[in-house]
Amino acid sequence: MRICSALVALVLLAACGAAPETTAGPESTYSALIVDGQSNHRIWPTTSQYLKGYLEETGMFTVDIETTPPAGESLESYRPPFSNYDLVVSNYNGEPWPEATMADFEAFVGGGGAFVSVHAANNAFPEWTAYNEMIGIGGWGDRTERHGPYVRLRDGEFVHDNTPGIGGSHGIRHEFPIDIRDSGHPITRGLPETWMHANDELYDRLRGPAQNLHVLATAFSRVDTEGTGEHEPILMTISYKKGRIFHTTLGHALVSQRCKGFIATFQRGAEWAVTGEVTQPVPEDFPTATEVRTRPEPA
């Protein structure tokens, strides 16, 4: 089910308090597809509208949404035309897609398509080898050491840790600082070295192939919030054959999706995935090392 009407999108965005500052127009250069339809997060329809609006307000993207049938219904007819788009954004965490759809997606990304994985999209498809290579590391879905290592920061370097254990957990939701680990990358260039993120799940113990994965930012998972005591990867890039992927673990709840840091890094990550560069300036009201900054809550 493709949602193509800009009017419908604007109405829904306004209703949920995330109306875009500007909307996509004739000048938009790139086409994006958001895939959704099943998730362990009941707010997924609103999340998709947020993401759609954030892409459109850059003025770079036109955006469609392809929604799967509900859980328990056949997905055999679900075959989005990935090749018609420059970018695919996943807000999906549900039942496996049909084999033909998976093959189409592998061909899209492997052939040079851009992909952005948002939050619980890294929970999806634990047994799909290519998908796990695309996201680098993921969680839940009975992931264990057989799916790949943890990625750990040791003496200033990121290393693979093959210690047996679960893949994916998080402590108590809270506000937490994000630490930039590569300030020279186009996505993070110009961002504060440390900035505060709104109340969110801090994903930890993610594991996977971790091939061609580059960590842009981490967050320290504090033991007193039931975390790991480790610096956990939060923002990442991955290369898969000819494709570029941006992976953000942020965005569990609507307040975290309204965090101006989440929005800006998502927008910049999407542009980079498509072009390899970022032309968007860092917003003047970007969060600081001591202050969370969010867009207004819904009326």
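Preceding this paragraph is the structure being described.
Quick notes on the rules
- Residues numbered from 1 in each chain as written.
- Predicted model: local features only at pLDDT ≥ 70, side-chain atom pairs only at ≥ 80, totals over all residues.
- Heavy atoms only, no water.
- Salt bridge = Lys/Arg side-chain N within 4 Å of Asp/Glu carboxyl O.
- Helix = DSSP H or I, 4+ residues; strand = E, 2+ residues; numbered from the N terminus.
- Buried < 20%, exposed > 50% of the residue type's maximum accessible area, 1.4 Å probe, protein only.
- Axes fitted to C-alpha atoms, helices over the stretch in contact; angles between N-to-C directions.
- Left-handed = near helix turned anticlockwise from the far one by under 90°.
- Contact = heavy atoms within 4.5 Å.
- Nonpolar A, V, L, I, M, F, W, Y, C, P; charged D, E, K, R; others polar.
- Expected span 1.5 Å × (residues − 1).
- Core = buried A, V, L, I, M, F, W, Y, C linked by side-chain atoms within 4.5 Å.
- Pairing = 2+ DSSP bridges.

**What to know about the pattern of salt bridges**
One pass over the full model with this rule turns up 11 salt bridges. One salt bridge in this structure joins lysine 52 and glutamate 56, with 2.7 Å as the shortest N-O distance. You can see lysine 52 and its partner glutamate 56 sitting in helix α2 (residues 44-57), four residues apart, about one turn around the helix. Of the two residues, lysine 52 and glutamate 56, neither departs from the other in class, the shared state being buried. Bridged by salt links that share partners, the residues Arg152, Arg154, Glu230 and Glu232 form one connected network.

**Focus: the packing of α2 against helix α6 (residues 260-275)**
To characterise two packed helices, one gives the angle between the axes of the helices and the distance between these axes. Contact geometry of α2 with α6 gives a least axis separation of 10 Å together with a crossing angle of 65°. Pair α2 / α6 crosses with right-handed handedness. Contacts between α2 and α6 pair Leu51, Tyr54, Leu55 and Glu57 from the former with Phe262, Ile263, Phe266, Gln267 and Ala270 from the latter. Residue composition of the contact of α2 with α6, grouped by class: seven nonpolar, one polar and one charged.

**Some remarks on α6**
Across its 16 residues, α6 extends 22 Å between first and last C-alpha, which sits within 8% of the 22 Å expected from 1.5 Å per residue. Positive phi shows up at glycine 276, right after α6, with a value of about 85°.

**A word on the side chain of glutamate 232**
By secondary structure assignment, the location of glutamate 232 is in strand β12 (residues 231-240). Leaving out residues up to four positions away in the same chain, glutamate 232 has contacts with Arg152, Leu202, Tyr203, Asp204, Arg205, Ala217, Thr218, Ala219 and Ser221.

**Some details on the nonpolar core**
Across soluble globular proteins, nonpolar side chains have a tendency to be buried as a group. Core analysis: the largest hydrophobic core is formed by 41 residues, its most contacted members being Leu55, Phe61, Leu87, Val89 and Val116. Ranked by the residues each element gives to this core, the list is headed by α6, at eight residues. Beyond its immediate sequence surroundings of up to four residues, leucine 87 is in contact with Ser31, Ala32, Leu33, Leu55, Phe61, Phe108, Ala114, Phe115, Val116, Ala270, Ala273 and Val274. By size, the runner-up hydrophobic cluster in this structure holds 34 residues, among which are Phe82, Ala120, Val151 and Met236.

**Quick notes on the sheet that holds β12**
Judged by pairing direction, the sheet is mixed, and its nine strands sit side by side in the order β2-β1-β3-β4-β13-β12-β11-β8-β9 without closing on themselves. With partners counted over all chains shown, the strands left at the sheet margins are β2 (61-67) and β9 (194-200), one partner each. With direction set aside, neighbouring strand axes in the sheet form an average angle of 25°. Relative to strand β4 (residues 114-118), strand β3 (residues 87-90) is paired through four bridges, and the arrangement is parallel. When the sheet's bridge partners are listed, valine 89 is paired in β4 with valine 116.

**Considering α2**
Its 14 residues give α2 an end-to-end C-alpha distance of 20 Å, which sits within 8% of 20 Å, the value for a rise of 1.5 Å per residue. Across the 14 residues of α2, 11 count as buried, placing the element largely inside the fold.

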